[in-house]
Amino acid sequence: MIKAIRGTRDLLPPETALWNFVEAAARDVFRAYNFQEIRTPIFEETQLFARSVGEETDIVSKEMYTWENRGRAQSEKGQSLTLRPENTAGVVRAYIEHKLWDRGLNKLYYIGPQFRRERPQKGRYRQFYQIGAEAIGPPSAGSESPARDAEMLEMLATFLDRLGITGWNLELNSVGCPNDRARCNEALRKALEPVVSKMCADCQRRAVTNPLRVFDCKVPEDQPIIEKLPRISQFLDEPCRTHFAEVQEILQAVGVPFRLNDRLVRGLDYYTRTAFEFTHGALGAQNAILGGGRYDGLSESLGGPQAPGIGFAIGEDRLVMSLKESAEAVARKPEVYIAPLGADMNREAARLARELRRHDLVVELGDESFRMKKSLETASKLGARYALIVGENEVKADAFGLKNLETGEQIPVPHHELAAKIQAGR
Ligand code: AMP
């Protein structure tokens, strides 16, 4: 038997109703902040991720699904392609390719699968789904403003509240600009030098390539060493400091609670200034529901114009896991089961089904080969609220037996009153 491959999974009904519920809420909330949807391809040139996410990151160095293009055209030969491990790079590529700066500030959101070859565990998959957004544009459009950061964070708080997710924590830090980070990395290298040999293999590598990432380490034995290291917050220059203070002040003004976490550095290289994560206690080890931050230099590093931006990616798999709502509660069950009884009733039943569905009713259509008993059993099993009996006599009278499957009560309803009657029972 062929099975879904490790780290991937089928999303089945009724759980898919929860996914739709989350996605519909995202579209609705994001729209109120004037974000619009963008859909970029699932695979891109490998270079795009190497240059944006960063060669030294875990994602690029060991987690990407990469293959060689076998196209015929000269430009395709030997070209390296990769399944997207995240979507910001694709959005910024599209921003540059389509010169989206002509529209000023672009507020874009996406919903879709991402791919990383990570060790699968609860809440961690190789094909997982992200809902994300980016606000990007030329500085003249205000894209650098702390107002953008605060607006995005407030939007996320509103979105989580709308989903009824309580107990989330917003952790906030500033990772400064490249100059601040260079000074911090230098101080970190110095501080790490005498102790690094006692740390885990990952930290030993990070100490050489990107010392700031040592703060990502989760190995318990390394924590006492890490606790004593200098923090990026000590190296922020004046503009970065002011920017971060303003973000916090707006958040306080609009009543979004947050906690400063000066160990939060985020895994990707392109982040500048504001970095954030929303965590949720109920999720266990993989407790980050979403992460994001500013990436003021990303467009330029991909050959585009100056285009400061800020974005986030929500792990949809984890978001669905943290919902209190049950799939049963959000799924729309059939409101009526149409039971054609007797020969030649399929046609009449199909006509009625078509009509009722046009009144936005969820209709399940039975088959004339079923007897009354089997029809009613099927209808109950599906969770339908009503069964509609379509027999020869009913067709002649143009009035149909509507049976309430909860109470067992059955009444004849004239054809023209059917839709209204079923809707009234909602
Ligand atoms: P990142 O793009 O790494 O900043 O991740 C943003 C969010 O995506 C995280 O907070 C997680 O919720 C989610 N995420 C990242 N990697 C995975 C994965 N392998 N499986 C499930 N969710 C993930």
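Our structure is the block above this text.
Residues numbered from 1 in each chain as written. Predicted model: local features only at pLDDT ≥ 70, side-chain atom pairs only at ≥ 80, totals over all residues. Heavy atoms only, no water.

A. Fine view of the site of the ligand. Within the structure, the ligand sits among 15 residues, and Arg-116, Glu-118, Tyr-125, Arg-266 and Ala-288 are positioned closest to it. Tyr-125 places a polar main-chain atom, nitrogen or oxygen, 2.8 Å from a nitrogen atom of the ligand. Relative to its free-state accessible area of 480 Å², the ligand is covered by the protein chains to the extent of 91%. When contributions to the shell around the ligand are tallied by element, the ones reaching two or more residues are strand E6 (127-136), strand E10 (288-294) and strand E11 (309-315). If one sorts the elements of the shell around the ligand by residue count, E10 sits on top with four residues. Counted by class, the shell around the ligand contains six nonpolar, four polar and five charged residues. (Near = heavy atom within 4 Å. Polar contact = N/O pair within 3.5 Å; in protein donor to acceptor, adjacent residues only side chain to side chain. Areas by Shrake-Rupley, 256 points an atom, 1.4 Å probe, with all protein chains shown as cover. Helix = DSSP H or I, 4+ residues; strand = E, 2+ residues; numbered from the N terminus. Nonpolar A, V, L, I, M, F, W, Y, C, P; charged D, E, K, R; others polar.)

B. Here's a closer look at helix H14 (residues 372-382). Residues of H14 that are buried include every one of Ser-375, Leu-376 and Ala-379, and no others. Looking down the long axis of H14, one finds its buried residues gathered within 95° of arc, a one-sided arrangement. Exposed side chains of H14 directed beyond 90 degrees from the buried face belong to Lys-373 and Lys-381. Where H14 is buried, its residues meet strand E12 (336-340), strand E14 (386-390) and strand E15 (399-404). Gly-383 sits one or two residues past H14 and shows a positive phi near 80°. (Buried < 20%, exposed > 50% of the residue type's maximum accessible area, 1.4 Å probe, protein only. Arc of directions from axis to C-beta. Contact = heavy atoms within 4.5 Å.)

C. Quick peek at the pattern of salt bridges. Scanning the model with the defined rule gives 29 salt bridges in all. Where Glu-37 meets Arg-27, a salt bridge forms, and the shortest distance between an N and an O atom there is 2.7 Å. Separated by ten residues along the polypeptide, Glu-37 in strand E1 (residues 36-37) and Arg-27 in helix H1 (residues 15-32) bring together distant segments of the chain. A relative accessible area of 29% means that Glu-37 is categorised as partly exposed. Salt-bridge contacts for Asp-28 lead to Arg-162; the nearest nitrogen and oxygen are separated by 3.3 Å. Placement of Asp-28 in helix H1 and of Arg-162 in helix H5 (residues 146-162) is noted, with a sequence separation of 134 residues between them. Residue class for Arg-162 comes out partly exposed when judged on its relative accessible area of 46%. It is possible to trace a salt-bridge network through shared partners that takes in Arg-332, Glu-335, Asp-360, Arg-385 and Arg-426. (Salt bridge = Lys/Arg side-chain N within 4 Å of Asp/Glu carboxyl O.)

D. Highlighting the packing of H5 against helix H9 (residues 238-254). For the pair H5 and H9, interaxial distance at closest approach is 8 Å and the crossing angle is 40°. Classified by the angle their axes make, H5 and H9 are oblique. Crossing angle aside, the handedness with which H5 passes H9 is right-handed. Contacts from Pro-146, Ala-147, Asp-149, Ala-150, Leu-153 and Glu-154 of H5 reach H9 at His-243, Glu-246, Val-247, Ile-250, Leu-251 and Val-254. For the contact of H5 with H9, the per-class residue count stands at eight nonpolar, one polar and three charged. (Axes fitted to C-alpha atoms, helices over the stretch in contact; angles between N-to-C directions. Parallel < 35°, antiparallel > 145°, perpendicular 65-115°, else oblique. Left-handed = near helix turned anticlockwise from the far one by under 90°.)

E. Expanded view of a nonpolar patch on the surface. Judged by side-chain polarity, Ile-42, Phe-43 and Trp-67 come together as a nonpolar surface patch covering roughly 280 Å² of accessible area. Tracing the backbone shows Ile-42 in the loop between E1 and strand E2 (43-45). Overall, Ile-42 belongs to the partly exposed group, its relative accessible area being 34%. (Patch = residues over 30% accessible without salt bridge, like charges linked within 9 Å, V, L, I, M, F, W, Y side chains within 5 Å.)

F. Broad picture of the sheet that holds strand E7 (residues 168-174). As summarised here, the arrangement of the eight strands in space is E1-E5-E6-E11-E10-E9-E7-E8, forming an open sheet in which the pairing is mixed. At either margin of the open sheet sits one strand with a lone partner, and together these are E1 and strand E8 (259-260). In the packing of H9 onto the sheet, the strands contacted are E7, E8, strand E9 (272-280) and E10, and the crossing angle to E7 comes to about 160°. (Pairing = 2+ DSSP bridges.)

G. Layout of the nonpolar core. Grouped together as the largest cluster of nonpolar side chains are 41 residues, with contacts concentrated most on Phe-30, Phe-159, Phe-276 and Phe-312. The greatest single-element share of this core, amounting to eight residues, is contributed by H5. Of all hydrophobic cores here, the second largest spans 28 residues; its members include Ile-38, Ala-50, Leu-268 and Ala-275. (Core = buried A, V, L, I, M, F, W, Y, C linked by side-chain atoms within 4.5 Å.)

H. The arrangement of the sheet that holds strand E4 (residues 80-83) in detail. With antiparallel pairing, three strands are arranged side by side in an open sheet as E2-E4-E3. Here the strands that pair on one side only, and so sit at the sheet edges, are E2 and strand E3 (66-68). Here the strands of the sheet are splayed against their neighbours by 35° on average, with no regard to which way each runs. In the sheet, E3 pairs with E4 via three bridges, with the strands oriented antiparallel. Bridge pairing in E4 places Glu-68 opposite Ser-80.

I. Summary view of the side chain of Thr-40. Looking at where Thr-40 falls in the secondary structure, it is placed in the loop between E1 and E2. Its relative accessible area of 13% is what places Thr-40 among the buried residues. Among the polar contacts made by the side chain of Thr-40, one reaches the side chain of Asn-87 at a distance of 2.9 Å. For Thr-40, the residues in contact, after removing those within four places along its chain, are Arg-84, Asn-87, Gly-90, Val-91, Arg-93 and Ala-94.

J. Spatial organisation of the packing of aromatic side chains. The final tally for this structure, using the stated rule, is nine aromatic pairs. Taking 5.9 Å as the distance between ring centres and 75° as the angle between the ring planes, the aromatic pair formed by Tyr-270 and Tyr-295 counts as edge-to-face. Of this pair, Tyr-270 sits in the loop between E8 and E9 while Tyr-295 sits in the loop between E10 and helix H10 (298-301), and the two are 25 residues apart along the sequence. On the basis of relative accessible area, Tyr-295 is assigned to the buried category, the value being 1%. Through successive ring pairs, a cluster of aromatic residues spans Phe-30, Tyr-109, Phe-159 and Phe-312. (Phe/Tyr/Trp six-rings, centres within 6.5 Å; stacked < 30°, edge-to-face > 60°.)

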